[in-house]
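# Summary of the model geometry
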Amino acid sequence: MSAGIGCRDLRVHAGGRELLSVPELHVSSGRTLAVLGPNGAGKSTLLRALGLLSSHRVSGEILLDGRPATRSLMRHALVAVLQRPILRRGTVAANVISGLRFRGVSRREAQARAWPWIEALGLASLAGRDARSLSIGEAQRVSITRALAVGPKVLLLDEPFSGLDSTTRADLLADLRAALTGQPTATILVTHDRQEALALAEDTALLIKGRIRQHGSTAEVLDHPGDADTARLLGFTNLLPPALTGRTHTLVARPEHTRLVLGPSDDSAEVIGTLRRTVALGVATRVDVDTAAGPLTCLHPGDLLATELPPAGSSVRVRIRHARPLTEMSLATPS
Ligand SMILES: Nc1ncnc2c1ncn2[C@@H]1O[C@H](COP(=O)(O)OP(=O)(O)OP(=O)(O)O)[C@@H](O)[C@H]1O
């Protein structure tokens, strides 16, 4: 019996169509899985189905510690944190404690158990504040602290960082990762942001059109797209088919690894194209190039002077560093 949450032959239907089909998935206690996918991929559908929270037609098995989950078992095991924090009236401390109180823990014990989490998540100075006066970032921090204080077997996070500014998000991600380390919680983070997957999750599953296309360690999955859809999702937006490169596989590359060749060069790995447009982005300059096999985007660091770049319509050479072949990864669940 494997501790954690999982599913077998999970299918979800609504509105006369299949929204999700996941033959097998398992997240062990103590590990975090990021489910990364574009809008409409089925991420929230998967999360709700796993938590037995779905209002759609669901078939298959949801497993808690290797056994079929019931609603009552799941209610005790699970805490979910959603995109918009829902806080109760009262102070920050009262909100953090409320998760434990809701589970029947006495006030005295709830306070004793919640306080270390209030301190660990940096909320001590806000503990007496009215929760309704908090910023969205502070409110989400309270919501996450309330979830952690419960010590859940399963923690489901549905894009909880998406409304936060980048600094607040980075801080909360780091604090959450530190707080989860060593805890026997199986955590699933739904996100469309690969930086969040990198910051929080040891494992990542790529979900596209209701199917898991890749699943493995986060570092491996994020760097090894298996098809054009996953390449786009992971930021490898430049596709180079064999006809363009002479290689046996299609290669993919990130724009930041794709540059115009601005000086003389006889590098045989270059690609020929026509410069379509140049856009100054402040910290970088984007150059769009049309090739015989489709468009390529180059990203040059800094603000390139117009005089350094050839005019639109010029024939240009493009050099690609760190191109990756599209290679199917194993869909096996990581241990
Ligand atoms: N009741 C319904 N009937 C038909 N289709 C539905 C229903 N509810 C959701 N869907 C569809 O299911 C698909 C998956 O939705 P879901 O909210 O799970 O995606 P998501 O990956 O979480 O997207 P986002 O990142 O935009 O929140 C979408 O195409 C959505 O339109």
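All figures in this text were calculated on a predicted structure; none of them were measured in a lab. (Residues numbered from 1 in each chain as written. Predicted model: local features only at pLDDT ≥ 70, side-chain atom pairs only at ≥ 80, totals over all residues.)

### Examining the site of the ligand
Taken together, A14, G15, L19, G37, N39, G40, A41, G42, K43, S44, T45 and H192 make up the full set of residues near the ligand. The dominant element in the shell around the ligand, judged by the number of residues it contributes, is helix 1 (residues 43–50), at three residues. Looking at the shell around the ligand residue by residue, the classes come out as three nonpolar, eight polar and one charged. (Near = placed C-beta within 6 Å. Helix = DSSP H or I, 4+ residues; strand = E, 2+ residues; numbered from the N terminus. Nonpolar A, V, L, I, M, F, W, Y, C, P; charged D, E, K, R; others polar.)

### Describing the sheet that holds strand 1 (residues 4–14)
On the basis of which strands lie adjacent, the open sheet formed by four strands has the order 2-1-4-5 and antiparallel pairing. Only two strands of the sheet have a single partner each, and these edge strands are strand 2 (17–28) and strand 5 (67–68). Summarising the sheet, strand 1 and strand 4 (residues 57–64) pair through seven bridges and their orientation is antiparallel. Looking at the pairing, R8 lines up with E61 of strand 4. (Pairing = 2+ DSSP bridges.)

### Topic: the packing of helix 3 (residues 92–102) against helix 5 (residues 136–150)
One can describe the packing of helix 3 onto helix 5 by two numbers: an axis separation of 7 Å at closest approach and a directional angle of 35°. Crossing of helix 3 against helix 5: the hand is right-handed. Touching V92, N95, V96, S98, G99 and L100 of helix 3 are V142, T145, R146, A147, A149 and V150, all from helix 5. Residue composition of the contact of helix 3 with helix 5, grouped by class: seven nonpolar, four polar and one charged. (Axes fitted to C-alpha atoms, helices over the stretch in contact; angles between N-to-C directions. Left-handed = near helix turned anticlockwise from the far one by under 90°. Contact = placed C-beta atoms within 7 Å.)

### Quick notes on the environment of D223
Looking at where D223 falls in the secondary structure, it is placed in helix 8 (residues 218–223). Linking D223 and G235, residues twelve residues apart in sequence, is a C-alpha distance of 9.6 Å.

### A word on the UniProt feature "domain: ABC transporter" (unreviewed entry) in the protein chain
Within the UniProt annotation, "domain: ABC transporter" (unreviewed entry) is assigned to residues 5–234. A helix fraction of 39% and a strand fraction of 28% characterise residues 5–234, whose end C-alpha atoms lie 26 Å from each other. (UniProt positions renumbered as here; feature names shortened; annotations may be inferred.)

### A look at helix 5
Taking 1.5 Å per residue as the helical rise, helix 5 with its 15 residues ought to reach 21 Å, and the 22 Å between its terminal C-alpha atoms agrees with that figure. Counted residue by residue, helix 5 has 13 buried out of 15 residues, so it is predominantly covered. With its phi angle positive at about 65°, G151 sits one or two positions after the end of helix 5. (Expected span 1.5 Å × (residues − 1). Buried ≥ 20, exposed ≤ 12 C-beta atoms within 10 Å, placed from the backbone.)

### Here we look at the environment of R132
Relative to the helices and strands, R132 resides in the loop between helix 4 (107–120) and helix 5. For R132 and G90, which are 42 residues apart along the polypeptide, the C-alpha to C-alpha distance reads 7.8 Å.

### Comments concerning the nonpolar core
V35, V96 and I188 are the most contacted members of the largest nonpolar core, which has 87 residues in total. It is helix 5 that provides the largest number of residues to this core, a total of seven residues. In this structure, this core is formed jointly by two domains, domain 1 (4–223) and domain 2 (238–325), each of which donates at least three residues. If we ignore the near neighbours within four places in the chain, the residues touching V96 are A114, W117, I118, V142, T145, R146 and A149. (Core = buried A, V, L, I, M, F, W, Y, C linked by C-beta atoms within 7 Å. Domains from an automatic or database assignment.)

### Quick word on the sheet that holds strand 18 (residues 324–325)
In spatial order, the strands read 11-12-18; together these three strands make up an open sheet with antiparallel pairing. Here the strands that pair on one side only, and so sit at the sheet edges, are strand 11 (238–240) and strand 18. With two bridges connecting them, strand 12 (residues 251–253) and strand 18 associate as antiparallel partners. What sits directly across from L251, in strand 18, is P325.

### A word on the pairing of strand 15 (residues 284–291)
Sheet topology note: the strand 14 (residues 271–280)/strand 15 ladder contains six bridges and is antiparallel. Residue A280 lies in a different strand from strand 15, and its bridge partner there is T285. A loop of three residues connects strand 14 with strand 15, the two strands running antiparallel in sequence, and G282 in this loop sits at a positive phi of about 90°. In this structure, strand 15 lies alongside strand 16 (residues 294–301), joined through eight bridges in antiparallel fashion. Looking across to strand 16, one finds that A284 is bridged to P301. The antiparallel hairpin formed by strand 15 and strand 16 contains two residues in its connecting segment.

### What to know about the domain arrangement of the protein chain
Under the domain assignment used here, the protein chain contains domain 1 (4–223) and domain 2 (238–325). Put simply, the middle of domain 1 and the middle of domain 2, counted by C-alpha atoms, are 40 Å apart.

### Some points on helix 6 (residues 166–180)
Look at helix 6: 21 Å from first C-alpha to last across 15 residues, which is about the 21 Å you get at 1.5 Å a residue. Those residues of helix 6 that sit buried are R169, L172, L173 and L176. One face of helix 6 carries all of its buried residues, which in axial projection span an arc of 105°. Facing away from the buried surface of helix 6 by more than 90 degrees, the exposed residues are T167, A174 and A178. Where helix 6 is buried, its residues contact helix 5 and helix 7 (194–200). At the exit of helix 6 stands G182, carrying a positive phi of roughly 85°. (Arc of directions from axis to C-beta.)

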